[in-house]
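# A closer look at the structure
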Amino acid sequence: QVQLVESGGGLVQAGGSLRLSCADSGRTISSYHMGWFRQAPGKKREFVAGITWSGGSTYYADSMKGRFTISRDNAKNTVYLQMNSLKSEDTAVYYCAVKVRSGTSWDLERLYQYWGQGTQVTVSS
């Protein structure tokens, strides 16, 4: 059973940076494609970034390109989301999940399973 735990969220000023981590406390996730999503208050959950199991390919939502970087360390069984130049509109709960369905799409929730509990990111303006 995959059990994902996100960490690294917090309160940061606009323009600042945070690095989120997603670790598996159960089985290894090193063989899975992974994704980060976020959900702001009153809004639907949206795709942020994805990474293949090897880390060889990454995918981003257009609004995050150039500011966010997804990476992974399979030896540590951890996926990261480095967030720079944060804006107030980045305030949300951030979730990681395992991409269990194949295909070229990365931004659909239905392609993912085993969601973590989320970590809150609050950006003050």
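Coordinates for the structure precede this section.
Rules and cut-offs
Residues numbered from 1 in each chain as written. Predicted model: local features only at pLDDT ≥ 70, side-chain atom pairs only at ≥ 80, totals over all residues. Heavy atoms only, no water. Helix = DSSP H or I, 4+ residues; strand = E, 2+ residues; numbered from the N terminus. Buried < 20%, exposed > 50% of the residue type's maximum accessible area, 1.4 Å probe, protein only. Disulfide = S-S within 2.5 Å.

### Focus: unusual backbone geometry
With a phi close to 55°, asparagine 77 is a non-glycine residue in the positive phi region. Relative to the helices and strands, asparagine 77 resides in the loop between strand E7 (68–73) and strand E8 (78–83). Asparagine 77 gets classed as buried once you look at its relative accessible area, which sits at 15%. Phi at serine 85 is positive, roughly 50°, even though this residue is not glycine. You can see serine 85 is positioned in the loop between E8 and strand E9 (92–99). Look at serine 85 and you get partly exposed, because its relative accessible area is 41%.

### A look at the state of the cysteines
Following the criterion strictly, the structure yields 1 disulfide and no others. With a sulfur-sulfur separation of 2.0 Å, cysteine 22 is cross-linked through a disulfide to cysteine 96. One quick way to see it: the torsion about the S-S bond of cysteine 22 and cysteine 96 is about 70°, and its sign makes the bridge right-handed. Placement of cysteine 22 in strand E3 (residues 18–24) and of cysteine 96 in strand E9 is noted, with a sequence separation of 74 residues between them.

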